[in-house]
Amino acid sequence: MTEIMSKDSEYKSHTLSKKEHRLLRKLGKKATEDKKEVKEDKGTKGMDLNILDESDDENEVEDFESEKKEEEEEKEETDDVPYSDVELDDDADVVPHTKLTVNNNAAIKQAYASISIPWEKHPFDESQSIMYHEKVELEIKDIYDDTERELAFFKQGLDAANEGRKKLLALKVPFSRPADYFAEMVKSDEHMEKLRLKLVAEATDKKAKEEAKRQRELKKFGKQVQHETLQQRQKDKHDTLDKIKSLRKKRQNNEIDNKEFDVGVEEASAGKEEVSRKKRRIHNQVMSKSKDKGKQQRPGKSKRRHWKK
Amino acid sequence: MSAIYRALTQDTNSKGISKPQAGSFGPKRVNKQRVLLISSRGIVFRHRHLIADINALLPHSRKEPKLDTKKSLYELNELAEMYNCNNIMYFECRKHKDLYMWLSKPPNGPTIKFFVQNLHTMDELDFTGNCLKGSRPILSFDKTFETEEKYQLMKEMFIQQFGVPPRARRSKPFVDHVMTFSILDGKVWIRNYQINESKESQENEQSDEDLTLVEIGPRLVLTPIIILEGSFGGPKIFENKQYISPNVVRAQLKQQAAAHARGRQQDAQDKKLKKREEVLKADPLANDFLFKE
């Protein structure tokens, strides 16, 4: 290795390597072709720029170029002309560099012809393939929306299933699987059981959640009702005590009259039954008080406890 | 078994006829396919499940053990010849991450290479459908398959590889699933559905369609990369411009992250300098200035 290295450093050969030969040959060829091509290119590239400005689809330029390249592709695939060699106008914009790709439609057609089977000449049964009548791409507005996309595929599949069924039944091909036909399925029974359990679990979860929600709502409602009844009871108590106080005051001031008293009691007893019971008790007490003015019957501790409010 | 059966029936039928005529077994069958299903080394569990699923769905397929080489793919042609297969479905896995699918028609046919994405196998619990193992599917193709040459070629390949030929060895009689192929955004989306019939439509053939579909799986998205003229060889006849290799995508992501990190580093340095340079002017009324002496 070292010997070869020293040789290179001392002696520099002037013969061209194979790579350099190739490049030279290319440039020599291109020198004549370039002048023609450049003129064409200049003209066509100018046109292309205008089309670019007008159109939004960037593929147009590429197709134009790829068609040109078709003839060249058959010999050499990557035959880039470096842009430094091509003469461009000074005021022409820099053409967007397109990746040199292959789209050899003739060869594709040939390949297709070599493998294709004429399905139209045979009954539908042979291939069982159906062409959908619409382009799915046009049906979908947003390709990133999963549900919309899957729905479009579903529709396509459903349409094909319906059409296929009609055609197969017309050909007397058995279509529906009878209920007693047991054969190996693509997914095992255990797997289907797992799926079923999962679905059942999902359904029960959902129900349980709904039930819990309902209970929560009821509880809130019930709590409200309880709260209200408590408040109502307190209010009634307060009212009756106030009335008692007022009555006692009036009695002290000797303004009270039996008639007057009765009206108030009757009005109250016209309402609820429980309230009327209480009132009657109170009424009796007060009446007894009014009878023997000397003796004042002191109410019990439970009542006196509430007075302190 | 079938050979013995056939021999016995021929004996009982008639002794004059040695070869069965086309009419006795039905119309002459043109669609005779066998698929060689093979994978490369370095395959992941998910891809293995996919191959197993496809093997279950395609009764005319033959699954072979892994191919050792990734470079000399022409050996696949020899394998196909050995096993008498006229289709090859080869799954190549790179870096234990990316899956590529090659569809080919040996010995001279074209080869199409796809990049497989968004792979969901049949085992996923969201796919609740089921079908007979080896029943013939109805294939549904998007209208876009008619528009361009390359799509027509792809459609033909799909029909011959994914469609079960009539009278295939392990095929079952009834039709209970449909496979859809759609083209969106330059990619091929494949879905597989089970056909559910309500009882009325089963009994009454002339009834209006009352079918529903349930997804069985697997789910694939294929991005065409390249079409070669020969079987795993030959010149390129199509190359997809919109295809970006996953390696390039990963490299770009890393570069973005690197640029972000560099930006943060630069900001930290700038902050340091700023703190050092931006000093307040000496305030003549400050305490330490007044009471210096």
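The rules behind the values
Residues numbered from 1 in each chain as written. Chains lettered and ligands numbered in written order. Predicted model: local features only at pLDDT ≥ 70, side-chain atom pairs only at ≥ 80, totals over all residues. Heavy atoms only, no water. UniProt positions renumbered as here; feature names shortened; annotations may be inferred. Helix = DSSP H or I, 4+ residues; strand = E, 2+ residues; numbered from the N terminus. Buried < 20%, exposed > 50% of the residue type's maximum accessible area, 1.4 Å probe, protein only. Contact = heavy atoms within 4.5 Å. Areas by Shrake-Rupley, 256 points an atom, 1.4 Å probe, with all protein chains shown as cover. Phe/Tyr/Trp six-rings, centres within 6.5 Å; stacked < 30°, edge-to-face > 60°. Pairing = 2+ DSSP bridges. Right-handed = clockwise from strand over helix to strand, strands pointing away. Salt bridge = Lys/Arg side-chain N within 4 Å of Asp/Glu carboxyl O.

For chain B, the name recorded in an unreviewed UniProt entry is Ribosome bioproteinsis protein brx1, with Eeniella nana as its organism. According to the UniProt record, the Subcellular location (unreviewed entry) comment for chain B reads "Nucleus, Nucleolus".

If you check an unreviewed UniProt entry, chain A appears there as rRNA-processing protein and EBNA1-binding protein ebp2 from Eeniella nana. Quoted verbatim from the Subcellular location (unreviewed entry) field of the UniProt record, the comment on chain A reads "Nucleus, Nucleolus". Under Sequence similarities (unreviewed entry), UniProt gives the following word-for-word description of chain A: "Belongs to the EBP2 family."

**What about the overall build of chain B?**
On a plain count of helices and strands, chain B comes out with 7 helices and 11 strands. For chain B, the proportion of its 293 residues judged to be buried stands at 47%. Intrachain contacts of chain B at a sequence separation of at least 6 include 65% that bridge at least 24 residues. Here chain B displays about 16200 Å² of accessible surface, and carbon together with sulfur accounts for 51% of that area.

**Describing the packing of aromatic side chains**
In this structure the tally under the stated criterion is 15 aromatic pairs over all chains. Centroid distance Y181(A) to F174(B): 4.9 Å. Interplanar angle 90 degrees. Geometry classified as edge-to-face. One end of the pair, Y181(A), is in the loop between α6 (146-170) and α7 (189-252); the other, F174(B), is in the loop between α4 (149-162) and β7 (177-184), on a second chain. Of the residues examined, Y181(A) reaches a relative accessible area of 23% and is grouped as partly exposed. Given the relative accessible area of 11%, F174(B) is considered buried.

**With respect to unusual backbone geometry**
Residues and elements named next belong to chain B. Residues P106 and P107 are joined by a peptide bond in cis, for which omega reads 0 degrees. Mapped onto the elements, P107 comes out in the loop between β4 (98-104) and β5 (111-120). With phi around 55 degrees, H96 is a residue other than glycine that occupies positive phi space. Position of H96 relative to the elements: it lies in the loop between β3 (87-94) and β4. Given the relative accessible area of 56%, H96 is considered exposed.

**Considerations on the pairing of strand β8 (residues 187-197) of chain B**
Residue and element names in this part refer to chain B. In terms of burial, β8 is a largely internal element, 9 of the 11 residues being buried. Of the strand pairs in this sheet, β8 and strand β10 (residues 219-230) are connected by 3 bridges, and their pairing is antiparallel. The residue of β10 that forms the bridge with W189 is V221.

**Observations concerning the pairing of strand β1 (residues 35-39) of chain B**
The side chains of a regular strand alternate, residue by residue, between the two faces of the sheet. Residues and elements named next belong to chain B. Counting buried positions along β1 yields 5 of 5 residues, so the element is predominantly enclosed. Burial of the side chains of β1 extends over both faces: V35, L37 and S39 are buried on one face and L36 and I38 on the other. In terms of strand pairing, β1 meets β3 through 5 bridges, oriented parallel. Paired with I38 across the two strands is Y90, which belongs to β3. Across 3 bridges, β1 lies against strand β2 (residues 61-63) in parallel orientation. Counterpart to L36 in the pairing with β2 is R62. Tracing the backbone out of β1, into helix α2 (residues 45-57) and back to the parallel element β2 gives a crossover that is right-handed.

**Some details on the pattern of salt bridges**
What the rule picks out here adds up to 26 salt bridges over all chains. Close ionic contact of R149(A) with E150(A) constitutes a salt bridge, the shortest N to O distance being 3.7 Å. Both residues of the pair, R149(A) and E150(A), count as buried. Across the pair E197(B) and R165(A) runs a salt bridge whose closest N-O atoms are separated by 3.3 Å. Within this pair, whereas E197(B) is found in strand β8, its partner R165(A) is found in helix α6, the two belonging to separate chains. The pair formed by E197(B) and R165(A) is uniform in burial state, with each residue classed as buried. Among the ionic contacts, a cluster of salt bridges with common partners joins D146(A), R149(A), E150(A), R191(B), E215(B) and R219(B).

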